[in-house]
Amino acid sequence: MGEIKRYTNSTTGGPVFVDVLDDKIVRMYPMELTDEDAPNWEIEARGRTFTPSRKTTITPVTAAWKSQIYSPKRVLYPMKRVDFDVNGERNCENRGSSEYERISWEEALTIVSSEIIRVKRDFGPGAIMSTASSHHLWGNIGYRFSTLFRFMNLVGFTYADHNPDSWEGWHWGGMHNWGFSWRLGNPEQYDLLEDGLQNTDMIVFWSADPETNNGIYAAFESTPRRFWLKELGVKMVFIDPYHNHSAALFGDKWLAPRSGTDAALAAGIAYIWITEGTYDKEYVATRTHGFERWTEYILGKEDGIPKDAKWAENETGIPEREIKALAREWASKKTMLGAGGLGGWGGACRATTGNEWARMMICLIAMQGMGKPGINVWSTTQGAPVDESFFFPGYAEGGISGDVDNAASGYEFAYRMFANDRPTRNPINSPQGQHIPRLRIPEAILEGKLEWRGKGFCGANVEAQFQKYEYPAPGYSKIQMYYRYGGSFIGTMTETKRYVKMYRTDKLPFVVNQSVWFEGEARFADIILPACTNFERWDISEFANCSGYIPHTYSQCNHRVISLQMKCIEPLGESKSDYQIFADLAYKLGIGDIFTDGGKTEMDWIKQYFYATDLPKGITWEKFLEKGYYVVPNKPKGSKSTPAMRWYAEDREIDTPDWGPMPSQQVARKGVQTGSGKIEFVSTSLERFDPNDMERHPVTRYIESWEGHHSPHYAQYPLQVISPHPRFSFHTMGDSKESHLNEIRDHRVLAADGHRYWIFRINTKDAEARGIKHHDLIKVFNDRGVVIMAAQVTERVPPGTAHSYESCADYLPLGEPGNSPERAGCINNLNSKRFMGKNSYGMASNSLLVQVEKWEGMES
Ligand code: MGD
Ligand code: MGD
Ligand code: 4MO
């Protein structure tokens, strides 16, 4: 037996030390910092000094990584569907039913490369579609924006654009009230931890559960901050249909609105502030636009319906007196609005009326003086006093692709990384080329025709989302081949049996999936290429730094930790790194030397990357290789803090390090990005675009949900389900791989048949009325499908509301794929593909109506 060796690596849930013995990972744990590492920051507030601990934190998914690496569901060899013959019968209709056989790498690469060449030659550019999913194993070189884009940009492909899934309501709605397009509608967050500790009296967490979502990628870095705030006597109110984990730990009060009615609650609060005169009149008069017209709507002068607390009670189910009490206390205290888990985001922004919720949040905080001391949009997850001037890019900055059109590479990084050689670009993946929204991949394939507005994340400016597109783009061919990277969409997109049906047709003649695990869409590919995990290859990255549409995301962390992601073990089976797979394919396609830039290994790229960042200012390459991580020193003591939007509240030039607004989007560096330069209650951009769109009207308003208690099908499907992000898994990551996460009884429930079922949370009264007991297997259904789950009978949701997390990793139909009950737990089989509005192409994945019965097995 050899000696245990300690390596460094990193994950979506924090950086780690990894103990390896005889090429086997035996342990993985958070990083403990030493005296050699940069000292802590300190914040002085209310007579105390606050400073973080000298450790990093990790999430449950990270704690379960070892069991995911050695999961029996790993794809270890190249696989071919047994009834797929590239030169004969392809039997596409059997995808999802057929077995697989092991083939050699040579055969797999030959089939895939010959199909790429055939499709390019026979159908012209753009007939190959590719897309990855949102989240990737951690590492800026191996990331989809980096390695995948580098390869696909060199081959030429039609990209299935990602919808702004995390942002929806802020992107399609909020942006029209205050700009922030470069953050897709979320607000900046600089120095808000200090501001909160010093000045805030109360936090209203509205659709926010930082103990579950951790901002994003930031593990439990923010948990101590909430304890500090509690110690200082800051009151915490939670508005959430589910009594979420942060509410359970910190909540002083829990309000549970009916799903889809949050904007009504907000209107009810605004009504009280207006009629009682308890808003910041000076701020509203000088820093906002359209208040008078909006007031007419709130008071009922526009439509004859005063949005008073009684009206709000009828819509939301929250008692009038509680609405009044909240409104009065809020107005009397310096209050932070924790709208969504990041400061922005929140399941409510992915509800049917998510646009209006986000817009209402902006109206409320504007009424109380957004940007003044202690008053902001802040969920405690960002805004630690780390040093933003030290440059280390996040994964969205493009890595080795240098793609300035489709990654945030052009902001700064590409010029540093590619000073001496060429970045890649893809003329097809540009506004002049062809693309497909990933929420409509099935329609593109099956119906062959699409029209929509907005190419993917529309961050360039507020108007980008109005741009119209069509598929096929003029002169381009229809899709002939799908190069899928990962396989999560059946668990994460909307009405997802559509994707299953799409795979089972010869309208899609060839499908390859490059996957780490055999799950979800991987089961529908003709060829599966086995990718290894980031513990089996080299990479480099920073804790919680994605950047791109969340500039300076690392301000979620208590320490900026940059790590070398070491290859801890040899790739399992015949799996290879994504980089190696693409390099092998590139050589078969005659572009190998271009892809690898003359034969560079991943380590060569990491070294080039290292020197393109500010790392050499703090550590030598040799030391970094040996030590494996670097902690970025904090700003010198006494540096001036620049709290988010303080400049705006005080009508000064912007002084934060934010990426926007661009000088062209302001006047003399003052004001927000809107037409008026002010925060708008009535949106000037919507007024110009379509003043009559009642689903997204210029005047911010409450709109009844089309999948809620006013819907015609409510009588038949009377349970309103919310489906937010899973507590223990990270979307599909961590779930369903027979890892130890599966054994957590709040994640899956082991039934007598040996299968671990996904959980459906239902109120005691609703369960009783249906004869359902705790952990019974139930059939959850509506017109879109049937999913079998385990009931968790609970008081954490009120009667009429139910809860089931999205993102189950697998898809396990009991009969014909696409036409039978499902038992992995794909609640997203049951939500609606309908967009939020006729002009806003956001997914409303979080709201759905269902009925529930005890499951007695398949009806024969
Ligand atoms: P992920 O789990 O991120 O989900 O939805 P997705 O993006 O679809 O998918 C990652 C996939 O990439 C997995 O298949 C994984 O195996 C693969 N993968 C990861 N790393 C690698 C790698 O290194 N190599 C290869 N080859 N493959 C890799 C997320 C999406 O879900 C998001 S971000 C949001 S915000 C939405 N939220 C939401 C909601 O609130 N409610 C409901 N009902 N639905 C939702 N869906 C959305
Ligand atoms: P959600 O879980 O969608 O997270 O971060 P958020 O968008 O903040 O929603 C937060 C809370 O909103 C939940 O407690 C939910 O019950 C509540 N909620 C849902 N619908 C409504 C509603 O209609 N009204 C109100 N008032 N509340 C509602 C998302 C962020 O999380 C993102 S985008 C990603 S990609 C990451 N995903 C992720 C994950 O999958 N797992 C874990 N553990 N952490 C994650 N962090 C990130
Ligand atoms: Mo997201």
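Each chain has its residues counted from 1, running along the sequence as written. Chain letters and ligand numbers both follow the written order, the letters beginning at A and the numbers at 1. Local features in this predicted model are restricted to residues of pLDDT 70 or higher, and side-chain atom pairs are both shown and tallied only at a pLDDT of 80 or more, whereas totals for entire chains, interfaces and linings draw on every residue. Here the side-chain values reflect all heavy atoms present in the structure, with hydrogen atoms and water set aside.

What counts here: UniProt positions are given in the numbering used here, feature names are shortened, and annotations may be inferred rather than shown by experiment.
Named according to an unreviewed UniProt entry, the protein chain is Pyrogallol hydroxytransferase large subunit originating from Desulfosporosinus fructosivorans. The UniProt entry for the protein chain carries this comment under Cofactor (unreviewed entry): "Mo-bis(molybdopterin guanine dinucleotide)". Taken directly from UniProt, the Sequence similarities (unreviewed entry) text for the protein chain runs: "Belongs to the prokaryotic molybdopterin-containing oxidoreductase family."

Focus on the UniProt feature "domain: Pyrogallol hydroxytransferase large subunit-like N-terminal" (unreviewed entry) in the protein chain
Note the following rule: Strands here mean DSSP runs of E at least two residues long; helices mean DSSP runs of H or I at least four residues long; both are numbered from the N terminus.
UniProt feature "domain: Pyrogallol hydroxytransferase large subunit-like N-terminal" (unreviewed entry): in the numbering of this structure it lies at residues 14-67. Between the end C-alpha atoms of residues 14-67 there is a gap of 17 Å, over a span that is 13% helix and 39% strand.

Some remarks on the packing of aromatic side chains
Rules: When the centres of two rings from Phe, Tyr and Trp lie within 6.5 Å, Trp using its six-membered ring, the rings pair. Their planes under 30 degrees apart give stacked, over 60 give edge-to-face, and anything left gives tilted. Note on classification: 1.4 Å probe, protein chains only; a residue is buried when its accessible area is under 20% of the maximum for its type, exposed when over 50%, partly exposed between these limits.
Counted by the stated rule, this structure contains 59 aromatic pairs. Measuring from ring centre to ring centre gives 5.9 Å for phenylalanine 157 and tyrosine 159, while their planes differ by 75 degrees; the resulting arrangement is edge-to-face. Of the two residues, phenylalanine 157 and tyrosine 159, neither departs from the other in class, the shared state being buried. Judged by centre distance (5.2 Å) and plane angle (65 degrees), the rings of phenylalanine 610 and tryptophan 621 are edge-to-face. Separated by eleven residues along the polypeptide, phenylalanine 610 in helix H22 (residues 602-612) and tryptophan 621 in helix H23 (residues 621-627) bring together distant segments of the chain. We note that phenylalanine 610, like tryptophan 621, is buried. An aromatic cluster is built from Trp138, Tyr143, Phe145, Phe149, Phe157, Tyr159, Tyr217, Tyr395 and Phe730, whose rings are joined through pairwise contacts.

Concerning the side chain of threonine 316
What counts here: Two N or O atoms count as a polar contact when they lie within 3.5 Å, although within protein this holds only if one can serve as hydrogen donor and the other as acceptor, and sequence-adjacent residues are included solely when both atoms are side-chain atoms. Contact definition: two residues touch when any of their heavy atoms are within 4.5 Å.
Within the secondary structure, threonine 316 is located in helix H13 (residues 309-316). Taking the relative accessible area as the measure of exposure, threonine 316 reaches 1% and is therefore buried. Among the polar contacts listed, one links the side chain of threonine 316 to the backbone oxygen of alanine 312, at a separation of 2.7 Å. Residues within four places of threonine 316 in sequence aside, it is in contact with Ala256, Pro257, Arg258, Thr261, Ala264, Leu265 and Ile323.

Some remarks on helix H6 (residues 192-199)
Taken residue by residue, H6 has Leu192, Leu193, Asp195, Gly196 and Leu197 as its buried positions. On its buried face, H6 sits against strand E4 (43-45), strand E5 (48-50), helix H8 (223-231), strand E14 (335-339) and helix H24 (646-649).

Remarks on the pattern of salt bridges
The criterion, for reference: The working definition used for a salt bridge is a side-chain nitrogen of Lys or Arg within 4 Å of a carboxyl oxygen of Asp or Glu.
Going through the model one piece at a time under the given rule, you end up with 62 salt bridges. A salt bridge links glutamate 322 to arginine 321; the nearest nitrogen and oxygen atoms lie 3.7 Å apart. A relative accessible area of 18% means that glutamate 322 is categorised as buried. Overlapping salt bridges, with partners in common, bring together Glu36, Asp37, Lys623 and Lys627 in one network.

Section: the site of ligand 1
Defined as follows: We call a residue near a given molecule or strand whenever any one of its heavy atoms falls within 4 Å of it. Areas reported here follow the Shrake-Rupley algorithm with a probe of radius 1.4 Å; residue values treat only the protein chains shown as occluding. All residues other than Ala, Val, Leu, Ile, Met, Phe, Trp, Tyr, Cys, Pro, Asp, Glu, Lys and Arg, Gly among them, are scored as polar; the first ten of these are nonpolar and the last four charged. Note that the domain bounds reflect an automated or database-derived domain assignment.
Around ligand 1 sit 27 residues, and of these Ser134, Ser488, Thr492, Ser723 and Thr732 come closest. In the environment of ligand 1, an oxygen atom lies 2.5 Å from a nitrogen or oxygen atom belonging to the side chain of serine 488. The separation between a nitrogen atom of ligand 1 and a polar side-chain atom of serine 723 is 2.7 Å. Isolated, ligand 1 exposes 930 Å² of accessible area, and the fraction of that covered by the protein chains is 99%. Class assignment for the residues of the shell around ligand 1 results in five nonpolar, 17 polar and five charged. When residues are assigned to domains, the shell around ligand 1 turns out to be shared by domain 1 (79-163 + 397-545 + 561-631) and domain 3 (714-854), each giving three or more.

A word on the layout of surface pockets
To keep things clear, this is the line we draw: In this analysis the probe radius is 1.4 Å and the grid spacing 1 Å, with only protein atoms considered; a cavity is a set of points the probe fits into but cannot get out of, a pocket is an open set with protein on both sides within 12 Å along at least five of seven lines, and lining residues have an atom within 4 Å of a point. Grid points are joined across faces, edges and corners, and a volume is the space filled by probe spheres set on the points.
In this structure, the largest pocket occupies an estimated 1200 Å³ of space. Forming the boundary of the largest pocket are 46 residues, of which Asp405, Ala407, Phe457, Gly459 and Tyr549 lie nearest the centre. Counting only elements with at least two residues in the lining of the largest pocket, the list comes to helix H4 (144-155) and strand E9 (158-161). Per-class residue counts for the lining of the largest pocket are 24 nonpolar, 17 polar and five charged. Mapped onto the domain boundaries, the lining of the largest pocket takes at least three residues apiece from domain 1 (79-163 + 397-545 + 561-631) and domain 2 (167-382 + 652-690).

Quick word on the sheet that holds E9
The following threshold applies: Paired strands, as defined in this entry, are two strands with at least two bridges between them according to DSSP. Think of each axis as a best-fit line through the C-alpha atoms, taken over the contacting stretch in the case of a helix, with angles from 0 to 180 degrees between the N-to-C directions.
A sheet is described by the order of its strands in space; here eight strands give the open sequence E7-E6-E20-E19-E18-E8-E9-E15, paired in mixed fashion. Each edge of the open sheet is held by one strand with a lone partner, namely strand E7 (100-102) and strand E15 (435-437). The sheet shows a mean angle of 20 degrees between the axes of neighbouring strands, direction not considered. Where strand E19 (residues 510-515) and strand E20 (residues 527-530) come together, four bridges link them in parallel fashion. Across the sheet, the residue bridging to glutamine 514 is leucine 529, located in E20. Its contacts with the sheet put helix H20 (residues 578-588) on strand E18 (481-485), E19 and E20, and the angle it makes with E18 is roughly 155 degrees.

A few points about the site of ligand 2
Around ligand 2 there are 33 residues in total, and Asp240, Asp262, Gly346, Arg350 and His731 lie nearest to it. Between arginine 350 and ligand 2, the recorded distance is 2.7 Å, taken from a side-chain N or O atom to an oxygen atom. Contact with the protein chains hides 98% of the accessible area of ligand 2, taken as 910 Å² for the molecule alone. A class-by-class count of the residues in the shell around ligand 2 yields twelve nonpolar, 16 polar and five charged. Counting contributing residues, the shell around ligand 2 receives three or more from each of domain 2 (167-382 + 652-690) and domain 3 (714-854).

Side note on the domain arrangement of the protein chain
Which entries qualify depends on this criterion: Buried area is understood as the total, over both parts, of accessible area removed when two parts are fitted together, assessed with a 1.4 Å probe.
As far as domains go, the protein chain holds domain 1 (79-163 + 397-545 + 561-631), domain 2 (167-382 + 652-690) and domain 3 (714-854). The C-alpha centroid of domain 3 is placed 30 Å from the C-alpha centroid of domain 1. Where domain 1 abuts domain 3, roughly 2700 Å² becomes buried across the two surfaces, and 58% of that area is made up of carbon and sulfur atoms. Per-residue buried area on domain 1 facing domain 3 is highest for His135, Glu495 and Lys497; these three make up 23% of the total on that side. Run the count over domain 1 and domain 3 and you get three salt bridges. Across the contact surface, domain 1 and domain 3 share 15 residue pairs in polar contact (both at pLDDT 80 or more). Top contributing element to the side of domain 1 that touches domain 3 by residue count: helix H19 (residues 497-503), with four residues.

Some words on a negative patch on the surface
This is how it is decided: Each patch is built from residues that are more than 30% exposed by relative accessible area and take part in no salt bridge. Like charges join if they lie within 9 Å; nonpolar side chains (Val, Leu, Ile, Met, Phe, Trp, Tyr) join within 5 Å. His is not counted, nor are the chain ends; Lys and Arg add positive charge and Asp and Glu add negative charge. For this purpose, a charge sits on NZ of Lys, CZ of Arg, CG of Asp or CD of Glu.
Side chains of Asp85, Glu89, Glu93 and Asp506 sit close together on the surface and give a patch of like negative charge. Residue placement: aspartate 85 occurs in the loop between strand E6 (79-81) and E7.

Re the sheet that holds strand E1 (residues 5-11)
On the basis of which strands lie adjacent, the open sheet formed by three strands has the order E1-E2-E3 and antiparallel pairing. The sheet is open, and its two borders are formed by E1 and strand E3 (24-30), each paired with just one other strand. For this sheet, the mean inter-axis angle between neighbouring strands, taken without regard to orientation, is 30 degrees. Pairing of strand E2 (residues 14-21) with E3 involves six bridges; the strand directions are antiparallel. Paired with valine 16 across the two strands is proline 30, which belongs to E3.

Re the UniProt feature "domain: Molybdopterin dinucleotide-binding" (unreviewed entry) in the protein chain
In the numbering used here, UniProt assigns the feature "domain: Molybdopterin dinucleotide-binding" (unreviewed entry) to residues 754-831. Taken end to end, residues 754-831 has its terminal C-alpha atoms 28 Å apart, with 8% of it in helix and 35% in strand.

Points about the side chain of aspartate 578
Topologically, aspartate 578 is positioned in helix H20. An unpaired buried charge is present at aspartate 578: no salt bridge exists, and arginine 537, the closest side chain of opposite charge, is 5.1 Å distant. Beyond its immediate chain neighbours, meaning those up to four positions away, aspartate 578 contacts His136, Thr147, Tyr485, Gln514 and Ala531.

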